[in-house]
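In case you want the letters, here they are:
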Amino acid sequence: MLATVLKDKSKIEETIEELERHKRDALQKTWEKVNGDFGGIFAELLPGNFARLQPPEGKDLTEGLEVKVQLGTVWKQSLTELSGGQRSLVALSLIMSLLQFKPAPMYILDEIDAALDLSHTQHIGQLFRNRFKGSQFIVVSLKEGLFTNANVLFRARFRDGTSIVERTTQRSSR
């Protein structure tokens, strides 16, 4: 019986080691893809700047990741050094890079551009159009920048004491 138990224990340990290798490989592959997209998307949203995901200094990928941001030629030590708009762009870049890893057919986003100026809002619209060609976005926004990239707009207005919704086709669907 002891020999059987030791043999089973050995098989279990081998299986655990194999699963750990698969987990590590999947994590490495995911990190490489998401990190590449994260840096690219951030650079599209905030041209001339860069962001990346990296393990904390002296630690392994399995112990977590940190967001690092370069504005101009300076790598920021902390995200607290960024403005609210810059932090919004970092968060949006990370979310979009995760979504690009496993794309969905539809996304619903509510006022993601609230802390941004017009030029950054336009970059978001271009990002959706260029990087997510097979996806549909429903975006609530109060800023014109996203509207210029929309195929269809639904505008809610208040007229004669009643809310109305107007549909406008911007451009033909691609």
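See the structure shown above.
Here's a quick rundown of the structure. Note that the coordinates shown come from a computational prediction; the quantities given were computed from them, not determined experimentally.

**With respect to the sheet that holds strand 1 (residues 50-54)**
Here is step 1: Strand order in the open sheet made by the three strands is 1-2-3, with antiparallel pairing throughout. Of all strands in the sheet, those bounded by a partner on one side alone are strand 1 and strand 3 (74-75).
Here is step 2: The pairing of strand 1 with strand 2 (residues 66-71) spans five bridges and is classified as antiparallel. Bridging from a neighbouring strand, R52 pairs with K68 of strand 2.
Here is step 3: Where helix 1 (residues 2-45) meets the sheet, its contacts fall on strand 1 and strand 2, and the angle it forms with strand 1 comes to roughly 160°.

**Let's talk about unusual backbone geometry**
Here is step 1: Even without glycine at this site, E111 takes up a positive phi of about 45°.
Here is step 2: With respect to the secondary-structure elements, E111 resides in the loop between strand 4 (106-110) and helix 3 (118-131).
Here is step 3: Unlike most non-glycine residues, D160 shows phi in positive territory, near 50°.
Here is step 4: When you line up the elements, D160 lands in the loop between strand 6 (152-159) and strand 7 (162-169).
Here is step 5: A residue is classified by how much of its surface remains accessible, and D160, at 76% relative accessible area, is exposed.

Basis of the calculations
- Residues numbered from 1 in each chain as written.
- Predicted model: local features only at pLDDT ≥ 70, side-chain atom pairs only at ≥ 80, totals over all residues.
- Heavy atoms only, no water.
- Pairing = 2+ DSSP bridges.
- Helix = DSSP H or I, 4+ residues; strand = E, 2+ residues; numbered from the N terminus.
- Contact = heavy atoms within 4.5 Å.
- Axes fitted to C-alpha atoms, helices over the stretch in contact; angles between N-to-C directions.
- Buried < 20%, exposed > 50% of the residue type's maximum accessible area, 1.4 Å probe, protein only.

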